[in-house]
Structures are given as C-alpha cells and as structure tokens.
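# Descriptive structure summary
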Amino acid sequence: ESLAWLAGHWTRAGQGATLEELWLPANAGIMLGVNRSVTADGKRAFEQLQIEERADGVYYLAAPGGGTATEFKLVVSEPRRAVFENAAHDFPQRIEYQRANDSLTARVSGMVDGKAAALSWTWRLQQRLRAPYLAPEQ
C-alpha cells in the first residue's frame, strides 16, 4: 500500500522504440506489473513483474520473458522512492524506482565482471490507475 504511487500506465517513446511499464494498484498485499519494449524494426521484449507483501517483508519479483522470477527484497521505502536488493543475483543486484510528478524512473545496478554497471529508464504517466471502488451491498 505504501507503493501506491507506482500504480499507473507509464510510457516512453524515442530512438525508434516504445517502452511501457504498467502497474496495477495494490490489492490484498500484491501489485502486478508488466514491462514491454518494442523497437521500430519489430524486436520486442517483456517482463512480468509483481510486488508482494510477505511475513518477512516486501518483495519485487521480475520474470523476464515470462521465465523464472528473481526476487528482490525491499530495503528502502520512502515517499515516491523504493529500493529492492538481491546481492546473490548476477545482474542487477539492485532495482530502484523513483517518482517525480508525472515521471517514473527505474534504475538497475550492480556488478558485472567485477565492474559497477547501471541502466536507467524514465517514463511519463499516461494514465493513473486506482483500486476499483466497491459499493457496499444493499
């Protein structure tokens, strides 16, 4: 619930590619997301994402191409900023999201062949998504 600021349809277009990330609002301790990128020449990639609350903390799960998910534990939670880590993963070991107004930046970082490496993406909010309103039964 403290990550409600992440919910929305985020997009970025440029340099011959369209990148999207979509996060559904939290419900019953879970947020579901998907990341999709498509290049002008038709190359495409996707990643299934989720953030779930467990007894021992909050976890970010990423499954590139719908494969086996890798887990990252939430280690920093601030207003409009979240950091997840998994020191045992090859790359990345750290995933950070930060929101500023209608922009969302994701940064992945870690070590590759003994050297620090990082990538980042910034999307613009296209549509806010909120948990559905359920009217009380009559």
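All of the points below concern the structure found in this document. The structure displayed is predicted, hence computed values, not measured ones.

### With respect to the packing of aromatic side chains
Applying the stated criterion to the full structure yields five aromatic pairs. Between Tyr 60 and Phe 84, the ring centres sit 5.1 Å apart and the planes meet at 40 degrees, which makes this aromatic pair tilted. Here Tyr 60, found in strand β5 (residues 57-64), pairs with Phe 84, found in strand β7 (residues 81-85); they are 24 residues apart in sequence, far enough to count as distant. Taking the relative accessible area as the measure of exposure, Tyr 60 reaches 4% and is therefore buried. Look at Phe 84 and you get buried, because its relative accessible area is 1%. Centroid distance Tyr 60 to Tyr 97: 5.9 Å. Interplanar angle 45 degrees. Geometry classified as tilted.

### Some details on the layout of surface pockets
It is the rolling of a water-molecule-sized probe over the atoms that shows where space remains empty. Its volume calculated, the largest pocket comes out at about 440 Å³. Counting only elements with at least two residues in the lining of the largest pocket, the list comes to β2 (17-23), β4 (44-54), β5, β6 (70-78), β8 (94-100), β9 (103-112) and β10 (115-127). At three residues, β5 tops the list of elements feeding residues into the lining of the largest pocket. Classifying every residue of the lining of the largest pocket by side-chain character gives 14 nonpolar, four polar and two charged.

### As for the sheet that holds β10
Strand order in the closed barrel formed by ten strands is β1-β2-β3-β4-β5-β6-β7-β8-β9-β10, with antiparallel pairing between adjacent strands. Adjacent strand axes in the sheet meet at a mean angle of 25 degrees, parallel and antiparallel pairs treated alike. In this sheet, β7 lies alongside β6 in antiparallel orientation, the contact comprising five bridges. Its bridge partner being in β7, Ser 77 is matched across the sheet by Ala 82.

### Considerations on the pattern of salt bridges
Within this structure, the stated rule accounts for eight salt bridges. With a closest N to O distance of 3.6 Å, Asp 102 and Arg 99 form a salt bridge. Overall, Asp 102 belongs to the partly exposed group, its relative accessible area being 29%. Residue Asp 102 is joined to Arg 128 by a salt bridge in which the shortest nitrogen-to-oxygen separation is 3.3 Å. A residue pair is termed long-range when its members are at least 10 positions apart, and Asp 102 in the loop between β8 and β9 and Arg 128 in the segment after β10 qualify at 26 residues. Exposure remark for Arg 128: the relative accessible area of 44% places this residue in the partly exposed category. Within the structure, one salt-bridge network assembled from shared partners comprises Glu 52, Arg 54 and Glu 71.

Conventions used here
Residue numbers restart at each chain and count upward from 1, following the sequence in its written direction. Per-residue local features are limited, in this predicted model, to residues with pLDDT of at least 70; the limit for side-chain atom pairs, both in listing and counting, is 80 or more; totals at the level of whole chains, interfaces and linings are taken over all residues. Remark: hydrogens and water are excluded; side-chain values derive from all non-hydrogen atoms of the structure. The criterion for an aromatic pair is that two Phe, Tyr or Trp rings (for Trp, the six-membered ring) have centres within 6.5 Å, with stacked assigned to planes under 30 degrees apart, edge-to-face to planes over 60 apart and tilted to the rest. In this text, helices come from DSSP runs of H or I with a minimum length of four residues, and strands from runs of E with a minimum of two, each type numbered from the N-terminal end. Residue burial is assigned from relative accessible area. The probe radius is 1.4 Å, only protein chains are included, and a residue is buried under 20% of its type maximum, exposed over 50%, and partly exposed in between. Throughout, the protein atoms alone are placed on a 1 Å grid, and a set of points is a cavity if a 1.4 Å probe fits but cannot get out or a pocket if it is open with protein on both sides within 12 Å along at least five of seven lines; lining residues have an atom within 4 Å of a point. Grid points are joined across faces, edges and corners, and a volume is the space filled by probe spheres set on the points. Gly is placed with the polar residues, together with every amino acid not listed as nonpolar (Ala, Val, Leu, Ile, Met, Phe, Trp, Tyr, Cys and Pro) or charged (Asp, Glu, Lys and Arg). A pair of strands counts as paired when DSSP detects no fewer than two bridges linking them. As a rule, the C-alpha atoms of each element are fitted with a line to give its axis, helices using only the stretch in contact, and angles between N-to-C directions run from 0 to 180 degrees. Here, a salt bridge means any side-chain nitrogen of Lys or Arg that lies within 4 Å of a carboxyl oxygen of Asp or Glu.

Keep in mind these numbers describe shape, not what the thing actually does.
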